[in-house]
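Coordinates in review
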Amino acid sequence: MRSVTILVALLVAALALTACGGTADRAAPTKTVTVAPPSATSATAPVSTPTALPSSAKAPATKKIRVPDVVGKNHQTAQNIMQAAGLWMLQEEDVTGQGRMLILDRNWQVVRQKPKAGTSVTPEATITLYSKKIGE
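A quick note: this is a predicted structure, and the numbers were derived from the prediction, not measured. (Residues numbered from 1 in each chain as written. Predicted model: local features only at pLDDT ≥ 70, side-chain atom pairs only at ≥ 80, totals over all residues. Heavy atoms only, no water.)

1. Here's the deal with the overall build of the protein chain
The condition is simple: Numbering of helices and strands runs from the N terminus, with a helix taken as a DSSP run of H or I at least four residues long and a strand as a DSSP run of E at least two residues long. Here's how the labels work: a residue is buried when its accessible area is under 20% of the maximum for its type, exposed when over 50%, partly exposed in between, all with a 1.4 Å probe on protein chains only. For this analysis, residues touch if any pair of their heavy atoms sits within 4.5 Å. Accessible surface area values rest on a Shrake-Rupley calculation with a 1.4 Å probe, where residue burial reflects the displayed protein chains alone.
The helix and strand inventory of the protein chain stands at two helices and six strands. Reading the protein chain from its N end, one meets helices and strands in the order α-β-β-α-β-β-β-β. Within the protein chain, buried positions represent 19% of all 136 residues. Long-range pairs, those at least 24 residues apart, make up 69% of the contacts in the protein chain with a sequence separation of at least 6. Here the protein chain has roughly 9800 Å² of accessible surface; of this, 60% comes from carbon and sulfur atoms.

2. Comments concerning the pattern of salt bridges
Counted only if it meets this: Here, a salt bridge means any Lys or Arg side-chain nitrogen found within 4 Å of an Asp or Glu carboxyl oxygen.
Under the counting rule described, the total for this entry stands at two salt bridges. Among the salt bridges present, the one from aspartate 94 reaches arginine 100, with a minimum N-O distance of 2.7 Å. For aspartate 94, a relative accessible area of 5% translates into the label buried. Close ionic contact of glutamate 136 with arginine 100 constitutes a salt bridge, the shortest N to O distance being 2.9 Å. Of this pair, glutamate 136 sits in the segment after strand E6 (127–133) while arginine 100 is found in the loop between strand E3 (90–94) and strand E4 (108–114), placing the two residues 36 residues apart along the sequence. Taken together, the salt bridges that share partners define one network made up of Asp94, Arg100 and Glu136.

3. A word on the nonpolar core
Here is the rule: In plain words, nonpolar cores are sets of buried Ala, Val, Leu, Ile, Met, Phe, Trp, Tyr and Cys residues tied together by side-chain atoms within 4.5 Å.
Counting twelve residues, the largest nonpolar core is built from Ile65, Val67, Val70, Ala78, Met82, Leu87, Leu90, Val110, Val121, Ala125, Ile127 and Leu129. Put simply, the parts of the chain that give this core at least two residues each are helix H2 (75–84) and E6. Once residues within four sequence positions are removed from consideration, isoleucine 127 is found in contact with Val67, Met82, Leu87, Met89, Leu90, Gln91, Lys114 and Pro115.

4. Let's talk about the environment of lysine 114
Structurally, lysine 114 is set in strand E4. Separated by 14 residues in sequence, lysine 114 and threonine 128 have C-alpha atoms that sit 5.2 Å apart. Aside from chain neighbours lying at most four places away, what touches lysine 114 is Thr126, Ile127, Thr128 and Tyr130.

5. Section: H2
To keep things clear, this is the line we draw: Within this analysis, the arc is defined by the directions that extend from the helix axis to the C-beta atoms. Pairs of N or O atoms within 3.5 Å make up the polar contacts considered here, provided that, within protein, one atom can donate a hydrogen while the other can accept it, and that residues adjacent in sequence are counted only when both atoms are side-chain atoms.
Those residues of H2 that sit buried are His75, Gln76, Ala78, Gln79 and Met82. Burial along H2 is one-sided: seen end-on, the buried residues are contained in an arc of 160 degrees. For H2, the N-terminal capping position is held by asparagine 74, with its side-chain oxygen 2.8 Å away from the main-chain nitrogen of glutamine 76.

6. Observations concerning a nonpolar patch on the surface
The line we're drawing: The patch calculation keeps residues exceeding 30% relative accessible area without a salt bridge and links them within 9 Å when they carry like charges or within 5 Å when they are nonpolar (Val, Leu, Ile, Met, Phe, Trp, Tyr).
Taken together, the side chains of Met101, Ile103 and Leu104 present a nonpolar region at the surface, about 330 Å² in accessible area. Following the sequence through the fold, leucine 104 ends up in the loop between E3 and E4. The class of leucine 104 is exposed, set by a relative accessible area of 55%.

Next up, the structure:
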């Protein structure tokens, strides 16, 4: 519930800032971030008190995910593949440098990704997909 409240507050702030006006000439390129779905814990779930680990126990290792290769794929398909792999922190960028927003993801093709395919990352890692409109 808390994450939903934060998301709503961010959206309201973004709308307020865009309503302030300004010129498109001075606007910075737009980047889009895909946010992970809410976790299994919610306001109705019981809250457990953290306990200290015995000095002999090690903290569990963070699960690593191998980044899939999505270069050459339709942008929407690339996003689906990343999310299916457990990678939800996705940024997208117009590789032409025109700063266009990727509104219809199916009209774009991924030409580069960061980090590269095969790299092992944590689930919280940000993946950037650099795309261009199909036919450009």
